[in-house]
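What follows is the residue order along each chain.
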Amino acid sequence: MHQKTIQLALELGVRGEAPSDQLEGSEPGSAASDTPTSAQERPPSMAAGAHAPDFMEAITSPANMRRALKRVRSNKGSPGVDGMTVDDLVKHLHEAWPGIRALLLSGDYHPQPIRRVEIPKPDGGVRQLGIPTALDRLIQQAVLQLLDQLYDPTFSPNSYGFRPGKSAHQALEASRQHVASGHNWVVDMDLEKFFDHVNHDLLMGRLAKRITDKRLLTLIRRYLEAGALVDGVVVTRYEGTPQGGPLSPLLANILLDDLDKILERRGLRFCRYADDCNIYVKSRRAGERVMASLVAFLERKLHLKVNASKSAVARPKDRKFLGERVLSGGENTYLGVHPKSVKRLEDKVRQITRRNRGVTFEQVLSELRSATMGWVNYHRHTRCANQLKRLDEWIRRRLRCYRWKQWKRPKARARNLRRLGIGRWLAYGAAYNGHGPWTIAGCPAMTQALTNQRLKDEGFESLYERYLALASE
């Protein structure tokens, strides 16, 4: 009987008449569009009603929750401390949503602890992620959708991180334009463990200036203070906005909007992507003055610490911004891939093509495609054709090494070379010469046996060819 009641509510919801206490649809992700079409389905806008006391009613409205669930399902993500997957969440909401909504509206909802995960940073150390439960990700996403309407229009156009219609590529292009205009010194500021050190009271004060719904403020405070499960023990958190939840990037932008505003008042050219901020000036001396004043502002006003060892005033070509750097100057200014980004890709390729992995050649090629094609897509707007040619040659040689190692014994190596069309004496000479795999991979026997075309036929995708294809689109 209960299931029939839910189905009836869903059918009504399709016509825009769903009851306010019921999530519309068992699978809102199957909706035709993220954007509601009918007036009844359209989520309430908070842009004109920042101080509306019914903010939580707008957040928990069926249309807003449907959009939130669609986004959470599309993002997938790992389970939190309760082990509930996104698919399990859909089933759970059939039974539990009316009670959860009632708790949210009464201000009595308490988030579960986050699951702490550590991932290594490219330059050493670890980055701590906090994975909320699937239910808490859904609620955070619903809150984010309404807060975005309220805050995003007021953010600086020079802020590019985690904002609708903004991207890392736009930030990089803006940085190139700043350098091309003659601002060829950069103040590169690195905030030390920013997401771990956000002051809760300071952030809540910023939010309270524009939101008077106490229930929403209480909910956000609880998300900030939700403990982390470490080795079976919940550790209380007194500062920071843990990376991993949908709401954290917006909260970071709200706090750092103070930095944007002071830079704008000073007439400075800058690009900020989350906690990564570059300010462009015309001389080293001007850069040092800006650096000194901003360090004082960040530490005194926002209680944030600047990492002196990773911050500097330098030429743009010597600093990495979002994996790239600005090269040359004047009209010939262009973006290039930073050497550290190339090294990161090379390290990943080394891991994938490690000769003692013991996986099939097909799996190696599949993993290579995933790693390299995404990298090329990201850097497609840079000048890196020659780098990609060199990377192609190096990766092909590593693939030949992998094949050689798979063949194991000299007799099998000679037989496989013969099967691939290599003459008898050349095949046996390579198989029994005693050199290591890297040397053999570059010899005529292997380059003629595993030609570039043959590797392509087997599944290797050239970085250079992908780059040219993207450039022609």
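Details of the structure are given in the entry above.
Residues numbered from 1 in each chain as written. Predicted model: local features only at pLDDT ≥ 70, side-chain atom pairs only at ≥ 80, totals over all residues. Heavy atoms only, no water.

Caption draft 1: Focus on the packing of helix H4 (residues 86-106) against helix H5 (residues 134-151). Two elements in contact, H4 and H5, have axes separated by 10 Å at closest approach and are oriented at 60°. The angle between the axes of H4 and H5 places the two elements in the oblique class. Where H4 crosses over H5, the two elements pack in a sense that is right-handed. When H4 is examined against H5, the residues Val86, Leu89, Leu93, Ile100 and Leu104 are found in contact with a partner set consisting of Ala134, Leu135, Arg137, Leu138 and Ile139. (Axes fitted to C-alpha atoms, helices over the stretch in contact; angles between N-to-C directions. Helix = DSSP H or I, 4+ residues; strand = E, 2+ residues; numbered from the N terminus. Parallel < 35°, antiparallel > 145°, perpendicular 65-115°, else oblique. Left-handed = near helix turned anticlockwise from the far one by under 90°. Contact = heavy atoms within 4.5 Å.)

Caption draft 2: Focus on helix H20 (residues 463-472). Listed as buried for H20 are Leu463, Tyr467 and Leu470. All buried residues of H20 lie within an arc of 65° about the axis, which places them on one face of the element. Looking at the buried side of H20, the elements it contacts are helix H12 (339-352), helix H13 (361-378) and helix H14 (385-407). Of the residues that open H20, the one with a side-chain oxygen 3.3 Å from the backbone nitrogen of Tyr464 is Ser462. (Buried < 20%, exposed > 50% of the residue type's maximum accessible area, 1.4 Å probe, protein only. Arc of directions from axis to C-beta. Polar contact = N/O pair within 3.5 Å; in protein donor to acceptor, adjacent residues only side chain to side chain.)

Caption draft 3: Quick peek at the side chain of Asp257. Relative to the assigned elements, Asp257 resides in helix H10 (residues 248-265). Among the polar contacts listed, one links the side chain of Asp257 to the side chain of Lys261, at a separation of 2.8 Å. Excluding its chain neighbours within four sequence positions, the residues that come into contact with Asp257 are Thr154, Phe155 and Ser156.

Caption draft 4: Representation of the pattern of salt bridges in the model. Counted by the stated rule, this structure contains 17 salt bridges. Arg221 is the salt-bridge partner of Asp201, the closest N and O atoms lying 3.0 Å from each other. Separated by 20 residues along the polypeptide, Asp201 in helix H8 (residues 200-208) and Arg221 in helix H9 (residues 214-225) bring together distant segments of the chain. By relative accessible area, Asp201 is classed as exposed at 54%. (Salt bridge = Lys/Arg side-chain N within 4 Å of Asp/Glu carboxyl O.)

Caption draft 5: A positive patch on the surface, seen in detail. Together, Lys320, Lys340, Arg344 and Lys348 give the surface a local cluster of positive charge. One can find Lys340 in helix H12. (Patch = residues over 30% accessible without salt bridge, like charges linked within 9 Å, V, L, I, M, F, W, Y side chains within 5 Å. Areas by Shrake-Rupley, 256 points an atom, 1.4 Å probe, with all protein chains shown as cover. Lys, Arg positive; Asp, Glu negative; His and termini not counted. Charge placed at Lys NZ, Arg CZ, Asp CG, Glu CD.)

Caption draft 6: Main features of H14. With 23 residues, H14 should reach 33 Å at 1.5 Å per residue; the first-to-last C-alpha distance of 33 Å fits that figure. In the stretch just after H14, Lys408 is the one whose phi turns positive, near 65°. (Expected span 1.5 Å × (residues − 1).)

Caption draft 7: Representation of the sheet that holds strand S7 (residues 276-281) within the structure. Across the sheet, which stays open at both edges, the four strands sit in the order S6-S7-S3-S8 with antiparallel pairing between neighbours. Bordering the open sheet on either side are strand S6 (269-273) and strand S8 (312-314), each of which pairs with just one other strand. Geometrically, the sheet is characterised by an average inter-axis angle of 15° between neighbouring strands, direction not taken into account. Sheet analysis places S6 next to S7, joined by five bridges and oriented antiparallel. Bridged to Arg272 within S7 is Cys277. With respect to the sheet, helix H6 (residues 168-180) is in contact with S6 and S7, its orientation differing from that of S6 by roughly 160°. (Pairing = 2+ DSSP bridges.)

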